Amino acid sequence: MESLINSLVTQVKSGNREAFEGLVEIYKDKIYRLCYRMVGDRHEAEDLAQEAFVRAFVNIDKYSGSYKFSTWLYRIATNLCIDRLRKRKPDYSMDAEIPGTEGATLYSQVADADPLPEEEVEEREKRDHLQQEIMKLPEKYRTAILLKYIEDMSLEEISSVMDLPVPTVKTRIHRGREALKKAYKKVAKSR
């Protein structure tokens, strides 16, 4: 089969149009199926398959024979399909009613960005609990934690405020975080 295809390609390159009809006959179903699988529409797949064969015929002199003709033809068809898919515009409207629903639109299906009331309550409880645990920390750790995470100060700024060297500030922040983690683990176990 490969020798027949190579012979037909050689004939087409030397000007025999009927030989190209033989190539089309061999590959038309395969190229159509490829296009159909890529674009999902019969009419569009037929157009793309036809365009692939036209481009192959027009550019047959560019086919080098260093790989199979089918590979070259499939590449042409694949590129055409990809180009078509890129150019497609969405064929839906956010205002359009969703079939089988009582007037629901895509807009009505988009999730609300606001948190659910129970999520808000849960988040507030977490913040309150964290604040309570911070208040239980020894003053030296509490100050370092508040300046770092609530006031968003750098280590150097905290060092100046607390009149301590930076390594000491780092240690206090670390110990304060560890104490908070331990407190959270206790609460998690008790729930």
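Every residue gets a number counted from 1 within its own chain, in the order that chain's sequence is written. Where totals are concerned, whole chains, interfaces and linings use all residues; where local detail is concerned, this predicted model gives features only for residues with pLDDT of at least 70, and gives and counts side-chain atom pairs only at 80 or more. The basis for every side-chain value is the complete set of heavy atoms in the structure, and neither hydrogens nor water enter the calculation.

Under an unreviewed UniProt entry, the chain has the name RNA polymerase sigma factor and belongs to Fictibacillus solisalsi. The heading Sequence similarities (unreviewed entry) in the UniProt record of the chain holds the text "Belongs to the sigma-70 factor family. ECF subfamily." UniProt positions are given in the numbering used here, feature names are shortened, and annotations may be inferred rather than shown by experiment.

Undergrad: Honestly, the overall build of the chain in this entry has me stumped. Any pointers?
TA: Comment: elements are numbered from the N terminus, with helices defined as DSSP H or I runs of at least four residues and strands as E runs of at least two. Along its length, the chain carries 9 helices and 0 strands. Listing the helices and strands of the chain from first to last along the sequence gives α-α-α-α-α-α-α-α-α. Burial analysis of the chain (191 residues in total) assigns 27% to the buried set. A separation of at least 24 residues holds for 47% of the contacts in the chain among residues at least 6 apart in sequence. Summed over its atoms, the accessible surface of the chain is roughly 13800 Å², and 51% of this surface lies on carbon and sulfur atoms. For every residue, the accessible area (1.4 Å probe, protein chains only) is compared with the maximum for its type, and the residue is labelled buried under 20%, exposed over 50%, or partly exposed between those bounds. Two residues form a contact once any of their heavy atoms are found within 4.5 Å. Values of accessible area rely on a 1.4 Å probe in the Shrake-Rupley scheme; residue burial ignores everything except the protein chains shown.

Undergrad: Just checking my understanding: could you explain the environment of Phe 53 for this structure?
TA: Looking at where Phe 53 falls in the secondary structure, it is placed in helix α3 (residues 42-58). With relative accessibility at 8%, the residue Phe 53 sits in the buried group. Ignoring sequence-local partners within four residues, the contact set of Phe 53 consists of Phe 20, Leu 23, Val 24, Tyr 27, Lys 28, Ile 31 and Leu 73.

Undergrad: So what exactly am I meant to see when it comes to the packing of helix α2 (residues 17-39) against helix α4 (residues 69-87) here?
TA: When two helices pack together, you describe them by how their axes are tilted relative to each other and by the distance separating the axes. Simply put, an axis is a line fit to the C-alpha atoms, just over the touching stretch for a helix, and the angle between two N-to-C directions goes from 0 to 180 degrees. At a closest axis distance of 10 Å, the pairing of α2 and α4 adopts a crossing angle of 35°. Considering only the axes of α2 and α4, their crossing is right-handed. Seen from α2, the contacting residues are Leu 23, Tyr 27, Lys 30, Ile 31, Leu 34, Cys 35, Met 38 and Val 39; seen from α4, they are Phe 69, Ser 70, Leu 73, Tyr 74, Ala 77, Thr 78, Cys 81, Ile 82 and Leu 85. Residues belonging to the contact of α2 with α4 are distributed by class as follows: 14 nonpolar, 2 polar and 1 charged. Note on convention: the crossing is left-handed when the near helix lies turned anticlockwise from the far helix by less than a right angle, right-handed when the turn is clockwise. The classification used treats Ala, Val, Leu, Ile, Met, Phe, Trp, Tyr, Cys and Pro as nonpolar, Asp, Glu, Lys and Arg as charged, and all other residues, Gly among them, as polar.

Undergrad: Looking at this structure, I do not really get the nonpolar core. What am I missing?
TA: The nonpolar side chains of a soluble globular protein tend to be buried, and buried together. If you look at the biggest cluster of nonpolar residues, it comprises 27 residues, and the most contacted ones within it are Leu 23, Ile 31, Cys 35 and Phe 69. Those elements that provide at least two residues to this core are α1 (2-13), α2, α3 and α4. Formed by 12 residues, the second largest nonpolar core is a distinct cluster that contains Leu 137, Tyr 141, Met 162 and Ile 173. We define the nonpolar core as a collection of buried residues of types Ala, Val, Leu, Ile, Met, Phe, Trp, Tyr and Cys that are connected through side-chain atoms lying within 4.5 Å of one another.

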